[in-house]
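# Structure assessment
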Amino acid sequence: MLWTYVGIAAVAVVVLLIVFRMVWRVAEPNEALIISGLGAHSSNEQVNETLGFKIVVGRGTAVLPGFQTVRRLPLDIRATPLTVTCVSSQGIPLHIKGVTAYKVGDDYGSIANAARRFLEQSDEQVMGTIHELFAGHLRAIVGSTTVEEMLHDRETLTTNIRGSLAGDMEKLGLVVDSLQIQEIDDESGYIKNLGRPQAAAVEAAARIAQAERDREATEREQAAAAQKAAAVRESSIAQAGYQAEVDQAKSKASQSGPLAEALARQEVVVAETETAKLNASLAEKQLESTVLKPADAEAYRQRTLAQASRDAQIAAAEANAREVQLRGEAQAKATELTGKAEASAVQAKAMAEAAGIKARAEALATNTEAVVAQQLAEAYPEIVTAAASSFDKVGNMVVLNGAQGIEDTLVKTITMGGSGFALAKQLIDSLATKKDEAPKLEPVPDESA
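None of these values were measured; they are calculated from a predicted model. (Residues numbered from 1 in each chain as written. Predicted model: local features only at pLDDT ≥ 70, side-chain atom pairs only at ≥ 80, totals over all residues. Heavy atoms only, no water.)

### Some thoughts on the overall build of the chain
Regarding its fold elements, the chain presents eight helices and eight strands. Taking all 449 residues of the chain together, 18% fall into the buried category. Once local pairs closer than 6 in sequence are excluded, the contacts in the chain between residues at least 24 apart make up 73%. Within the structure as shown, the chain displays about 32,000 Å² of accessible surface, and the carbon and sulfur contribution to it stands at 59%. (Helix = DSSP H or I, 4+ residues; strand = E, 2+ residues; numbered from the N terminus. Buried < 20%, exposed > 50% of the residue type's maximum accessible area, 1.4 Å probe, protein only. Contact = heavy atoms within 4.5 Å. Areas by Shrake-Rupley, 256 points an atom, 1.4 Å probe, with all protein chains shown as cover.)

### Concerning the side chain of threonine 158
Inspection of the secondary structure puts threonine 158 in helix 5 (residues 154-172). When neighbours within four sequence positions are excluded, threonine 158 is seen to be in contact with Leu179 and Ile181.

### Some points on the sheet that holds strand 6 (residues 78-87)
If you trace the three strands from one edge of the open sheet to the other, you get 6-7-8, paired in antiparallel fashion. What marks the edges here is a single partner per strand, and that holds for strand 6 and strand 8 (174-185). In this sheet, adjacent strand axes meet at a mean angle of 25° when their direction is disregarded. Of the pairings in the sheet, the one linking strand 6 to strand 7 (residues 93-104) comprises 10 bridges and is antiparallel in character. Bridged to valine 87 within strand 7 is proline 93. Against the sheet, helix 5 makes contact with strand 7 and strand 8, and its axis sits at roughly 145° relative to strand 8, the strand it touches most. (Pairing = 2+ DSSP bridges. Axes fitted to C-alpha atoms, helices over the stretch in contact; angles between N-to-C directions.)

### Remarks on the pattern of salt bridges
The full count for this structure, using the stated rule, is six salt bridges. For the salt bridge of glutamate 212 with arginine 215, the shortest nitrogen-to-oxygen distance reads 2.8 Å. Residue glutamate 212 and its partner arginine 215 are located together in helix 6 (residues 190-366), separated by three residues, close to a single helical turn. Residue classification places arginine 215 among the partly exposed positions, given a relative accessible area of 40%. In this structure, the salt-bridge partner of glutamate 216 is arginine 213, at a minimum N-O distance of 3.2 Å. One end of the pair is glutamate 216 and the other is arginine 213, both in helix 6 and three residues apart, which spans about a single turn. By relative accessible area, which is 27% here, glutamate 216 ends up partly exposed. On the accessibility criterion, arginine 213 (43% relative accessible area) is partly exposed. (Salt bridge = Lys/Arg side-chain N within 4 Å of Asp/Glu carboxyl O.)

### Structural notes on the sheet that holds strand 2 (residues 31-37)
The strand order across the open sheet built from three strands is 3-2-5, with neighbouring strands paired in antiparallel fashion. The sheet is open, and its two edges are formed by strand 3 (54-57) and strand 5 (68-74), each paired on a single side. Adjacent strand axes in the sheet meet at a mean angle of 25°, parallel and antiparallel pairs treated alike. Here strand 2 runs beside strand 3; their pairing, made up of four bridges, is antiparallel. From the neighbouring strand, alanine 32 faces strand 3, where its bridge partner is valine 57. Helix 2 (residues 108-118) contacts strand 2, strand 3 and strand 5 of the sheet and is inclined by roughly 120° relative to strand 3.

### Describing the pairing of strand 2
Of all the seven residues making up strand 2, five are buried; the element is thus mostly covered by neighbouring parts of the structure. Relative to strand 5, strand 2 runs antiparallel, the two sharing seven bridges. When the bridges of strand 5 are listed, isoleucine 34 appears paired with arginine 71.

### So, the packing of helix 2 against helix 5
Between two packed helices, what matters for the description is the angle formed by their axes and the separation of those axes. One can describe the packing of helix 2 onto helix 5 by two numbers: an axis separation of 6 Å at closest approach and a directional angle of 75°. As far as their axial angle goes, helix 5 and helix 2 are roughly perpendicular. Every residue of helix 5 that contacts helix 2 at Asn113, Ala114, Arg117 and Phe118 is listed here: Glu170, Lys171 and Leu172. Across the contact of helix 2 with helix 5, the residue classes break down as three nonpolar, one polar and three charged. (Parallel < 35°, antiparallel > 145°, perpendicular 65-115°, else oblique. Nonpolar A, V, L, I, M, F, W, Y, C, P; charged D, E, K, R; others polar.)

### Concerning the packing of helix 3 (residues 123-143) against helix 5
For the pair helix 3 and helix 5, the least separation of the axes is 9 Å and the interaxial angle reads 140°. Relative to helix 5, the element helix 3 lies oblique. Both helix 3 and helix 5 take part in a crossing whose hand is right-handed. Residues Leu133, Phe134, His137, Leu138 and Ile141 of helix 3 touch helix 5, and the partners they reach there are Leu157, Asn160, Ile161, Ser164, Leu165, Asp168, Met169 and Leu172. When the residues that make up the contact of helix 3 with helix 5 are grouped by side-chain class, the tally is nine nonpolar, three polar and one charged. (Left-handed = near helix turned anticlockwise from the far one by under 90°.)

This is the structure we're talking about:
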């Protein structure tokens, strides 16, 4: 329901806008709206009479379609050319060409007058009316004016024409903005003849002026020619003086030629002498640098080498002698020390063997079997190795009874070791007997001490 009301309201607004658009009319700045019909005959404040229509300028108004009619009257400026054939007060036929600019007046009275006369007319009709109106007043003004007055004072002519037109233009509701007379001509040649005396006077003045100019030009040409001749004379004199100076210079040059040549030759001899001196000095320097200095350098080098060789030989001889001396001293010292060391070693070895024998003897005396057992234990690997070596040359050995046979063989080998033990004991007893008979060793005194 709400949307229905909204739609009706929108349609009503659109209808109102359309109606307003159809009813409302706005006058442009360069036009006036002329509204006639129902309710459009009210009096206007700007006009002293009651109009049968309504004038609207520069604003908008409502127009009732079907009851009122609206027309637009242009207020902008119009221009029309004028071509009029008339006769002056002297009876001379004249052709006058000009142009006038006019427009509808801005006041409501002028707009009302123009609306009554030109509202339904075309531009051509309005321009024809204006042309005939201007032509009539122009003929009237020209008929009371001489040609000379028109030629010499066109401003007065145009002012008179505009003053004569003012009343009629006001009745038409028009205003003349501008009126210009462009050309005044006649077929009889009156205007041309009017200008001939002035033209002749101007021509005569021109000829006189030309003659004056020619005279002045001639005088100036003659003065210029005289100045030119004077300049030529001065130039010739100067050239003659220059030529004399040139000839004198040439004479001096021709006479000074041999002298200059002799001087030049003398300078050449001096230069050659200096060159020879320089060459001799250069040769001396070259000889000194290429022969004397290398010879001195070679002699110095030979002396230096000889001195160095002699010093080297002396140093080598001294070094060899010192080396022999030091070597002899070192060998003697080494021999002395070697002897002492060997003597000490022999003594120490002998004392060690004696101490060992004494210790073994004492051990054998106290516990012969333990010593023998210790000795056998220490030598047991060698004994077993010696016993096993008896089997080296056996290629194949057959052991009977398997494991029992191997065990018997090992027992026999060990038994052989036991036999060796008895033999060792006997040897130790014999050694103990000899110990008591052996001589005692005295220690060797240390000479270094």
